[in-house]
Each structure stands twice: as C-alpha cells, then as structure tokens.
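Structural characterization, general
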Amino acid sequence: MDEKLVIAILAGTSREGRESIKAAKYVAEFGRQQPGVEIVFVDPNELNLPHDGDRLRDPRYSDITKRADAFFIVTPEYNHGYPGSLKRMLDSEYDNYFHKAVVTAGVSSGPWGGVRVCEAILPVVHRLGLVPILPEVYFPKIQELFDEQGNLKPENAERYTKTLQKAYDELIWMAKALKTAR
C-alpha cells in the first residue's frame, strides 16, 4: 500500500472568536509530519452547509469525506455537548463515513479539556459507522495553551507531542486496516 492515507481534520465549530481553531490547526500541522499521510483541513466556515437541517450537500465536503481514509475531529465542548456545525458536517455525508477510523480531541476553556464532548459524540460516530480510536486528546484551558498567533506554548510541547503521536499512531494503524478491509 504505497499510496498516502488521507486524514481529514474536522474543526468542530464555526463560532466567531473560537479558540478551538488553534488546537485544530495544531493537530493538522502535527499530522503533516506523519510519514505516508496527507492531511486535509476542514473548516466549517469555508463550507456551504445548510443551517436548517436540509440534506443538501457541499460538493467540496462530499469529495473530502469520500477521499478520506480517517477523520480527526477537534471540537469544543459547549454545555457538555458538541456544536451544531459539527453535527451538520457529520449528518451530511452518512455513506462516506462508514468503516473509517476517527479520533476525537476535545477543547474547553475549563479544566476538563472537552472530556464530555468526546463522550457525547460517541453515539453519533457509532451510528455513522465510524470506528472510534483511543486515545482521545484533550485541550483544557485552551486560552492558556496557545499564544496569540496560535502557536502552542513551548511548555506544553512535550505533553502534546506524546499525546498526539500516540493518537496518530493508533489512527493510522486502524485506517490502514480498515482501508484494506473496505
């Protein structure tokens, strides 16, 4: 299997002033360092997804989900749940998710780092036929982890290098296995 694995990084929210975009971009940049992997960054602000529950699709997003071998969802926690923009992205492409691996990263301004959003999204990803991978990644107190330019502060680098490498190792392994089986 010489072709690259395609991993789509899904930024979970379109909210103005979102801090979680810093974590999503960091996860994408980290992924670009993985051998044999192509990273596609998906920002819901750049998509034309319906806001009224309509099943119309953005053809660009349809193409991304069809090409993707795996997904890495980076989403903030809003009141123990996930943003509507993430739900719209997931609901729009049911057939393109089936039997593909996914890992989640939760983001919060508090000390729990999005643990509850990672739990809340599990029933949805199961229903879509995605295969959730451990470990989940957490970005607690997001406002303290990154500088104003969106760079991870040096004192946090070792922790996230270890955590993200483990998550990517598992995601890549499962993506290869599922791609072979599909």
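Report follows, based on the coordinates. Since the structure is predicted, the reported quantities are computational estimates derived from the model, not experimental observations. (Residues numbered from 1 in each chain as written. Predicted model: local features only at pLDDT ≥ 70, side-chain atom pairs only at ≥ 80, totals over all residues. Heavy atoms only, no water.)

**Regarding unusual backbone geometry**
For residues besides glycine, phi is generally negative; the peptide bonds are generally trans as well. Applied cut-off: Strands are runs of DSSP state E lasting at least two residues, helices are runs of H or I lasting at least four, and both sets are numbered from the N terminus onward.
Residue Pro 135 is reached from Leu 134 by a cis peptide bond, and omega for that bond is 5°. One can find Pro 135 in the loop between β5 (131-132) and β6 (137-139). Its identity as a non-glycine residue notwithstanding, Asn 79 has a phi of 50°, on the positive side. Position of Asn 79 among the secondary structure elements: in the loop between β3 (70-76) and α3 (84-91).

**Here's the deal with helix α5 (residues 115-127)**
What counts here: In this analysis the local bend is the angle between axes fitted, respectively, to the seven residues ending at and the seven residues starting at the residue. When accessible area is computed with a 1.4 Å probe and restricted to protein chains, residues below 20% of their type maximum are described as buried, those above 50% as exposed, and intermediate ones as partly exposed. Only heavy atoms enter the contact rule, under which two residues are in contact if any of them lie within 4.5 Å.
Helix geometry: α5 is bent most strongly at Ile 121, by close to 30°, with proline Pro 123 lying one to four residues after it. For α5, the set of buried residues is Val 117, Cys 118, Ile 121, Val 124 and Val 125. Residues of α5 that are buried in the fold lie against β3, α3, β4 (101-107), β5 and β6.

**Some remarks on the pairing of β4**
The side chains of a regular strand alternate, first on one face of the sheet and then on the other. Spelled out, the test is: At least two DSSP bridges between two strands are needed for those strands to be called paired. With the strands pointing away from the viewer, any crossover whose connection runs clockwise from the first strand over the helix to the second is right-handed.
Of all the seven residues making up β4, seven are buried; the element is thus mostly covered by neighbouring parts of the structure. Residues Ala 101, Val 103, Ala 105 and Val 107 line one face of β4 and the alternating positions Val 102, Thr 104 and Gly 106 line the opposite face, and both faces are buried. Note that β3 and β4 share seven bridges and pair parallel. Following the sheet pairing, Pro 76 is matched in β4 by Val 107. Here β4 runs beside β5; their pairing, made up of two bridges, is parallel. Looking at β5, one finds that Val 102 is bridged to Pro 132. Following the chain from β4 across α5 to the adjacent parallel β5, one finds a crossover that is right-handed. Pairing analysis gives three bridges linking β4 to β6, with the strands arranged parallel. Directly across from Gly 106, in β6, lies its bridge partner Tyr 138.

**A short note on the layout of surface pockets**
For clarity, the threshold we go by: Both cavities and pockets are sets of points on a 1 Å grid over the protein atoms alone; in a cavity a 1.4 Å probe fits but cannot get out, in a pocket the set is open with protein on both sides within 12 Å along at least five of seven lines, and lining residues sit with an atom within 4 Å of a point. Grid points are joined across faces, edges and corners, and a volume is the space filled by probe spheres set on the points. Any residue that is not Ala, Val, Leu, Ile, Met, Phe, Trp, Tyr, Cys, Pro, Asp, Glu, Lys or Arg is counted as polar, Gly included; the first ten are nonpolar and the last four charged.
Approximately 230 Å³ is the volume found for the largest pocket. What lines the largest pocket is a set of 17 residues, among which Pro 76, Glu 77, Val 107, Ser 108 and Ser 109 lie closest to the centre. The class makeup of the residues in the lining of the largest pocket is six nonpolar, seven polar and four charged.

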